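# Architecture at a glance
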Amino acid sequence: MDIIEIEGGRELNGTVEISGMKNAALPIIFACILIKDRCVIENLPSAIDVANSLEILSKMGAHVRMINRNTVEIDCTNLEGGSSPYELVSKLRASSYLYGAELGRFKRAYAGLPGGCDFGGTRPIDQHIKGFEALGAKVSTENGYLEAEAPNGLRGTQVFFDFITVGATINIILASVFAKGVTVIDNAAREPHVVDLANFLNTCGANITGAGTDTIKIKGVTSLHGCNYAIIPDMIEAGTYMSAVAATGGRVCISNTIPKHLESISAKLEEIGCEIEEFDDSLIVSRTGPLRKANIKTLPYPGFPTDMHPQTAVVLCMAEGVSFITEGVFETRFRYVDELRKLGAKIEVHGKTAVIEGGHPLTAATMKAVDLRAGAAMVIAGLAVPGQSVITDIHLIERGFEDIVGKLQKLGAVIRRSYRPDEDFIQGKAN
Ligand code: UD1
């Protein structure tokens, strides 16, 4: 099993360059299904979810060629609808974008139900289905597959989501790019990656306005053309390194980032005791004094991101006093708590709120990356706590973070990726 070993208790200093945003790259990759032409996507993060998404397109007959580590050429002219490989689809949350993109291009979608991070609760797709049905599709789910059909094509309409959902907003944009007339999405997600997808599609000839507000209008067009496009920087990766500095102390320049996207994270870290200086496309985060307790509720953008919940919990374990983090996006997202308890952290979960009694000395331990962002939180904990910590199940971290070990080494962390035979292997049970 691949593991990360960390000798913690050292400050971080230097500059870290932020990669392209995973959650923007994935919808843009699947949006290429709509385009019978060559697209070149730059600033792609080198992460497992990205590689799996590209493999899905390739297995469906698309031409996919890596030009370099972070640039890919995609041409979906010969892609066959309904042919996605179930095993890969079921590993990824973003594979649900196959439905919108296939429906948009072929008037029929057929693909396995999506996987993705397990936060301990359900991740339904009822709002996606409601949107497809409003556009005129007939949708059914059976035997682990979703099938949607609109033999007479989709027609623009008003889609009102019951609550804010990133995935359904993206899927309805994808499905309605070629729909007849105008589609209006109300109560739309305002996340920067929704805007990035709309910008990409508009560069290819789509007519989408209002992305970044809660009302998005899509005027159907008849075709799209290829383009060259660079993905925006990853705000969650940036926020993760900012939290790492908050937890360890030190001074780090976060480069290739958009400070505007980080406003809720910066404001909270300042409240907790960090100093933040913003520049055009970078910021400097430093922490020299003690940390202060805080109350946080995760919310859709521009609120505090749920994908920063576990990392911030680690920071608050270092702050004297009782802090609260309430999960406002997912049903539950507290699987990280048991792992932090292995360090001696005092955290109780009451309903949707983690109550963190911070400021107690913690001791290094072996922790499991239970999901992508929780895994990043374990790395931050390992960096902050003196002694040798080990993180297992690191493939979950590598789903979304490009070269986290290399980037932290450049900041002075004593961290390495290595291999440890697992129990079955040691006992001769491995086959
Ligand atoms: C995306 C991100 C994920 C992030 C989340 C919220 C990707 C690949 N993943 O996930 O990293 O944490 O946005 O910013 O981009 N819901 C329903 N029915 C639906 C759709 C959603 O009940 O049809 C619920 C979800 O279970 C969740 C909430 O709505 O409780 C928000 O989900 P959503 O914004 O759709 O998240 P994802 O797109 O799955």
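In this text, all values refer to a predicted model and were calculated from it rather than measured experimentally.

Turning our attention to the site of the ligand. For the ligand, the set of nearby residues contains 19 residues, the closest of which are D126, Q127, V166, D307 and V329. N23 is positioned such that a nitrogen or oxygen atom in its side chain is 3.1 Å from an oxygen atom of the ligand. Coverage of the ligand by the protein chains reaches 90% of its 750 Å² of free accessible surface. Among the secondary structure elements, those contributing two or more residues to the shell around the ligand are α5 (126-134) and α6 (166-176). Per-element accounting of the shell around the ligand gives the leading share, 3 residues, to α5. Residue classes in the shell around the ligand are distributed as 7 nonpolar, 7 polar and 5 charged. Counting residues domain by domain, the shell around the ligand receives three or more from each of domain 1 (2-19 + 233-426) and domain 2 (22-230).

The contact between helix α4 (residues 97-106) and α6 brings their axes to 7 Å, and the two run at 15°. Put simply, α4 runs roughly parallel to α6. Note on packing geometry: the crossing formed by α4 with α6 is right-handed. Counting all contacts with α4, which are made through Y97, Y99, G100, A101 and G104, the residues of α6 involved are G167, I170, N171, L174 and A175. Looking at side-chain class alone, the contact of α4 with α6 contains 6 nonpolar, 4 polar and no charged residues.

Another point: the sheet that holds strand β4 (residues 63-68). Across a sheet, paired strands are connected by hydrogen bonds in the backbone, their directions being either parallel or antiparallel. Read across the open sheet, the 4 strands follow the order β4-β5-β3-β13; overall the sheet is mixed. Of all strands in the sheet, those bounded by a partner on one side alone are β4 and β13 (228-230). Between one strand axis and the next, the sheet turns by 20° as a mean value, whatever way the strands run. Pairing between β4 and strand β5 (residues 71-75): 5 bridges, direction antiparallel. Directly across from V64, in β5, lies its bridge partner I74.

Turning next to unusual backbone geometry. Of note, the bond from Y301 into P302 is cis; its omega dihedral lies within 30 degrees of zero at 10°. Within the secondary structure, P302 is located in the loop between β17 (295-297) and α10 (309-317). For K107, which is not a glycine, the phi torsion comes out positive at approximately 65°. Residue placement: K107 occurs in the loop between α4 and β6 (108-112). Located in the positive-phi region is D393, a residue other than glycine, with phi close to 60°. Position of D393 relative to the elements: it lies in the loop between β22 (387-392) and α13 (395-398).

Attention now goes to helix α2 (residues 48-59). Taking 1.5 Å of rise per residue, 12 residues should cover 16 Å, and α2 covers 16 Å from first to last C-alpha, within 8% of that figure. In this structure, the buried residues of α2 make contact with α1 (22-31), β4, β5, α3 (86-89) and α4. Of the residues trailing α2, G61 is marked for its positive phi of about 105°.

Further remarks concern the environment of G328. When you line up the elements, G328 lands in the loop between β18 (321-326) and α11 (336-341). By relative accessible area, which is 30% here, G328 ends up partly exposed. Through-space distance from the C-alpha of G328 to that of G115 is 21 Å; in sequence the pair is 213 residues apart. Excluding anything up to four places from it in sequence, G328 contacts K297 and T298.

Relative to the assigned elements, T312 resides in helix α10. With residues up to four places along the chain from it excluded, the contact list for T312 reads I272, I296, F304 and I325.

Looking at the protein, the domain boundaries give domain 1 (2-19 + 233-426) and domain 2 (22-230). Each partner contributes to the interface: domain 1 provides 27 residues, whereas domain 2 provides 26 residues. Across the interface of domain 1 and domain 2, roughly 2,100 Å² is buried in total on both sides, 53% from carbon and sulfur atoms. When the buried area of domain 1 at its contact with domain 2 is split by residue, Y301, R399 and E402 rank highest and sum to 33% of it. Where domain 1 packs against domain 2, one counts 2 salt bridges. With a shortest N-O distance of 2.9 Å, R399 and D49 are connected by a salt bridge. Here domain 1 is connected to domain 2 by 8 residue pairs in polar contact (both at pLDDT 80 or more). Of the residues in the side of domain 1 that touches domain 2, the class split is 10 nonpolar, 6 polar and 11 charged.

The final tally for this structure, using the stated rule, is 19 salt bridges. Linking R38 and E73 is a salt bridge whose minimum nitrogen-to-oxygen distance equals 2.5 Å. Residue R38 is found in strand β3 (residues 38-42), and its partner E73 is found in strand β5; the two are separated by 35 residues along the sequence. Among the residues examined, R38 registers a relative accessible area of 41% and is labelled partly exposed. On the accessibility criterion, E73 (7% relative accessible area) is buried. A single network of salt bridges, built from pairs that share partners, joins D2, E398 and R417.

Cut-offs used in this document
- Residues numbered from 1 in each chain as written.
- Predicted model: local features only at pLDDT ≥ 70, side-chain atom pairs only at ≥ 80, totals over all residues.
- Heavy atoms only, no water.
- Near = heavy atom within 4 Å.
- Polar contact = N/O pair within 3.5 Å; in protein donor to acceptor, adjacent residues only side chain to side chain.
- Areas by Shrake-Rupley, 256 points an atom, 1.4 Å probe, with all protein chains shown as cover.
- Helix = DSSP H or I, 4+ residues; strand = E, 2+ residues; numbered from the N terminus.
- Nonpolar A, V, L, I, M, F, W, Y, C, P; charged D, E, K, R; others polar.
- Domains from an automatic or database assignment.
- Axes fitted to C-alpha atoms, helices over the stretch in contact; angles between N-to-C directions.
- Parallel < 35°, antiparallel > 145°, perpendicular 65-115°, else oblique.
- Left-handed = near helix turned anticlockwise from the far one by under 90°.
- Contact = heavy atoms within 4.5 Å.
- Pairing = 2+ DSSP bridges.
- Expected span 1.5 Å × (residues − 1).
- Buried < 20%, exposed > 50% of the residue type's maximum accessible area, 1.4 Å probe, protein only.
- Buried area = accessible area lost by both parts, 1.4 Å probe.
- Salt bridge = Lys/Arg side-chain N within 4 Å of Asp/Glu carboxyl O.

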